[in-house]
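Structural overview for review
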Amino acid sequence: MSLIYLRHATQRDLSSIMTIIHEAQALLKKDGSPQWQDGYPTEEVFQIDIQRNECFVLMVNDQVAGVATLAHDPQANYQNISDGHWDVTD
C-alpha cells in the first residue's frame, strides 16, 4: 500500500523539485511547447515560494513525486484571458 500525502515544501526539497521541473521542461520541449523553455521557473523562484509557504510537494512513499505552488495573492499574468489564452506580459 502506498502512502500518499501533500505537505509544505522545504529548502531540503529543492533538488527533487528541480529534477521534476527539468523533466517537465524536457517533455514540454519534446511536445513542441514553448512553455518553460527560457529557464523559468528557476530554483530561486521555488526558494521564494517555499519561504512564502506557497510551495507544496506531493509525497509518495516518502519521496517527492510532484510539486505545486499555490499563490496567496493574485498574479498579474493570469488576470486577463482573451481568446482562451492568458495575456502574459513581462
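Procedures and definitions
Residues numbered from 1 in each chain as written. Predicted model: local features only at pLDDT ≥ 70, side-chain atom pairs only at ≥ 80, totals over all residues. Heavy atoms only, no water. Core = buried A, V, L, I, M, F, W, Y, C linked by side-chain atoms within 4.5 Å. Buried < 20%, exposed > 50% of the residue type's maximum accessible area, 1.4 Å probe, protein only. Helix = DSSP H or I, 4+ residues; strand = E, 2+ residues; numbered from the N terminus. Contact = heavy atoms within 4.5 Å. Patch = residues over 30% accessible without salt bridge, like charges linked within 9 Å, V, L, I, M, F, W, Y side chains within 5 Å. Areas by Shrake-Rupley, 256 points an atom, 1.4 Å probe, with all protein chains shown as cover. Salt bridge = Lys/Arg side-chain N within 4 Å of Asp/Glu carboxyl O. Polar contact = N/O pair within 3.5 Å; in protein donor to acceptor, adjacent residues only side chain to side chain. Pairing = 2+ DSSP bridges.

Further remarks concern the nonpolar core. Here is a general trend for soluble globular proteins: nonpolar side chains tend to be buried in one another's company. Grouped together as the largest cluster of nonpolar side chains are eleven residues: Ala9, Leu14, Ile17, Met18, Ile21, Phe46, Ile50, Cys55, Val57, Met59 and Val64. Breaking this core down by element, the ones donating at least two residues are α1 (14-30), α2 (43-51) and β2 (55-60). For this core, the element with the most residues is α1, which contributes four residues. Sequence-distant contacts of Ala9, defined by excluding residues within four places in its chain, comprise Ile17, Ile50, Cys55, Phe56 and Val57.

Together, Ile4, Leu6 and Leu58 make up an exposed nonpolar region whose accessible area comes to about 290 Å². Note that Leu6 resides in strand β1 (residues 4-8).

This next bit is on the side chain of Asp13. Position of Asp13 relative to the elements: it lies in the loop between β1 and α1. One polar contact links the side chain of Asp13 to the main-chain amide nitrogen of Thr10, over a distance of 2.8 Å. Apart from residues no more than four positions distant in its own chain, Asp13 is found in contact with Arg7, His8, Val57 and Val64.

Looking now at the pairing of β2. Of the two faces of β2, the one lined by Cys55, Val57 and Met59 is fully buried and the one lined by Phe56, Leu58 and Val60 carries no buried residue. In this sheet, strand β3 (residues 63-69) lies alongside β2 in antiparallel orientation, the contact comprising six bridges. Across the sheet, the residue bridging to Val57 is Val67, located in β3. Hairpin geometry of β2 and β3 is characterised by an intervening segment of two residues between the two adjacent antiparallel strands and by a positive phi of about 50 degrees at Asn61.

For the bond running from Tyr40 to Pro41, omega is -5 degrees, close enough to zero to count as cis. Relative to the elements of secondary structure, Pro41 occurs in the loop between α1 and α2. Its identity as a non-glycine residue notwithstanding, Asn53 has a phi of 60 degrees, on the positive side. Residue class for Asn53 comes out partly exposed when judged on its relative accessible area of 43%. Unlike most non-glycine residues, Asp62 shows phi in positive territory, near 65 degrees. Inspection of the secondary structure puts Asp62 in the loop between β2 and β3.

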